[in-house]
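Single-letter residue listing:
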Amino acid sequence: MKTFYDREFSQDKYAAKINDHTHYPSLGYFIEQYHLENSLVLEVGCGRGAFQDLVTHYVGVDLSESVARYVHKPFFCASATALPFHDNSFEAIWNIHVLEHVDDPEQALLEMRRVLKPDGLLYLSPAWYCRPWAAQGYAVRPYSDLDLKGKAVKASIPLRNSLMFRASYVIPRRLGRLILACLGVKPANLRYKELSPNFEIFWMEDSDAANSLDPFDVIAWFSLRGDRCLNRNTLMRKLFVSTGHLIFRIIK
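Residues numbered from 1 in each chain as written. Predicted model: local features only at pLDDT ≥ 70, side-chain atom pairs only at ≥ 80, totals over all residues. Heavy atoms only, no water.

Quick word on the sheet that holds strand β1 (residues 40–44)
The strand order across the open sheet built from seven strands is β3-β2-β1-β4-β5-β9-β8, with neighbouring strands paired in mixed fashion. Every interior strand has two partners, whereas the edge strands, β3 (75–77) and β8 (228–229), have only one. In this sheet, β3 lies alongside strand β2 (residues 57–62) in parallel orientation, the contact comprising three bridges. Paired with G60 across the bridge in β3 is F75. Contacts between helix α3 (residues 105–115) and the sheet are confined to β1, β4 (90–96) and β5 (116–125), with β5 contributing the most and set at about 140° to the helix. (Pairing = 2+ DSSP bridges. Helix = DSSP H or I, 4+ residues; strand = E, 2+ residues; numbered from the N terminus. Contact = heavy atoms within 4.5 Å. Axes fitted to C-alpha atoms, helices over the stretch in contact; angles between N-to-C directions.)

Structural notes on the pattern of salt bridges
Enumeration according to the criterion identifies eleven salt bridges in this entry. Residue R114 pairs with D87 through a salt bridge whose shortest N-O separation is 2.8 Å. Of this pair, R114 sits in helix α3 while D87 sits in the loop between β3 and β4, placing them 27 residues apart in sequence. Residue D87 is classed as partly exposed on the basis of its relative accessible area, which comes to 47%. (Salt bridge = Lys/Arg side-chain N within 4 Å of Asp/Glu carboxyl O. Buried < 20%, exposed > 50% of the residue type's maximum accessible area, 1.4 Å probe, protein only.)

Re the nonpolar core
In summary, soluble globular proteins display a tendency toward joint burial of nonpolar side chains. Counting 35 residues, the largest nonpolar core has L42, M112, V218, F222 and F248 as the members making the most contacts within it. If you list the elements that add at least two residues to this core, you get β1, β2, β4, α3, β5, α6 (215–224) and β9 (246–249). Counting residues per element, this core draws most heavily on α6, which supplies five residues. When sequence neighbours within four positions are dropped, the list of residues in contact with L42 reads V59, V61, L83, F85, F90, A92, I93, W94 and V115. (Core = buried A, V, L, I, M, F, W, Y, C linked by side-chain atoms within 4.5 Å.)

With respect to helix α4 (residues 148–161)
The first and last C-alpha atoms of α4 sit 20 Å apart over 14 residues, in line with the 20 Å expected at 1.5 Å per residue. Where α4 bends most, the angle comes to about 30°, and this point is A155, followed within four residues by the proline P158. Considered for burial, the residues of α4 that qualify are G150, V153, K154 and I157. The N-cap of α4, judged by a side-chain oxygen 3.3 Å from the amide nitrogen of K149 a few residues on, is D147. (Expected span 1.5 Å × (residues − 1). Bend = angle between axes of the 7 residues up to and from the residue. Polar contact = N/O pair within 3.5 Å; in protein donor to acceptor, adjacent residues only side chain to side chain.)

A word on helix α2 (residues 24–33)
By the burial criterion, the buried members of α2 are L27, F30 and I31. Each buried residue of α2 lies within a common arc of 95° when the element is viewed along its axis, so the set occupies one face. Looking at α2, the residues exposed on the side facing more than 90 degrees away from the buried face are P25, Y29 and E32. Close packing links the buried residues of α2 with β4, β5 and β9. Just downstream of α2 lies H35, where phi reads positive at about 55°. (Arc of directions from axis to C-beta.)

So, a nonpolar patch on the surface
Among the surface-exposed residues, I179, L180, L183 and V185 lie close enough to one another that they form a single nonpolar patch of about 390 Å² accessible area. Along the chain, the position of L183 falls in the loop between α5 (163–182) and β6 (193–194). (Patch = residues over 30% accessible without salt bridge, like charges linked within 9 Å, V, L, I, M, F, W, Y side chains within 5 Å. Areas by Shrake-Rupley, 256 points an atom, 1.4 Å probe, with all protein chains shown as cover.)

Quick look at the structure:
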């Protein structure tokens, strides 16, 4: 994994510039809304540090050593599952398009909670619902490039990607989990689907994803620990959450 990201960052991939990044407006609003301009902030999975100048006191962490030359603020080469910081070190963390690439996303969340101060803020935005066919690039490869099984997978993608199809199983599953929670059955661990990332050929976005996450399950995981989701703070908003970032206040 580390070799893959060192290679990708040394080229033009994973190299979003700040003004082009889709999260620049919402992250800027997050900083302004919670007055974080002069807070000590950690970015887990900082890449080339596109957001390092949005706050004064910034620390970046990334698995890839090759990005260090782009980050002009404190930088540490480390895994999201083993952050090299003391407990209660930071007032805020942001983690953007990273968690889906971590083999053990629950351990990464535990580490982020650990290094956040009480009442600290977490801006979390993985790529939700990473598709199992992305690793082999079925959506972008021509039919002539695929065997019979691959052709069948490719043909099924438009249906499986449709909102109605996904809602037909996602919403009942969430309702079932809500019912179980009301009955006192609460999951101890984060629910997610393991994927097989492709570290040989980067066919398409999220070919390298190691897991698929449902934001509903992530909200439930934090809620069980007493944390609050600030931007999905009603039952209906949690039940029908689909994409976008989540903001948590960590209660310790």
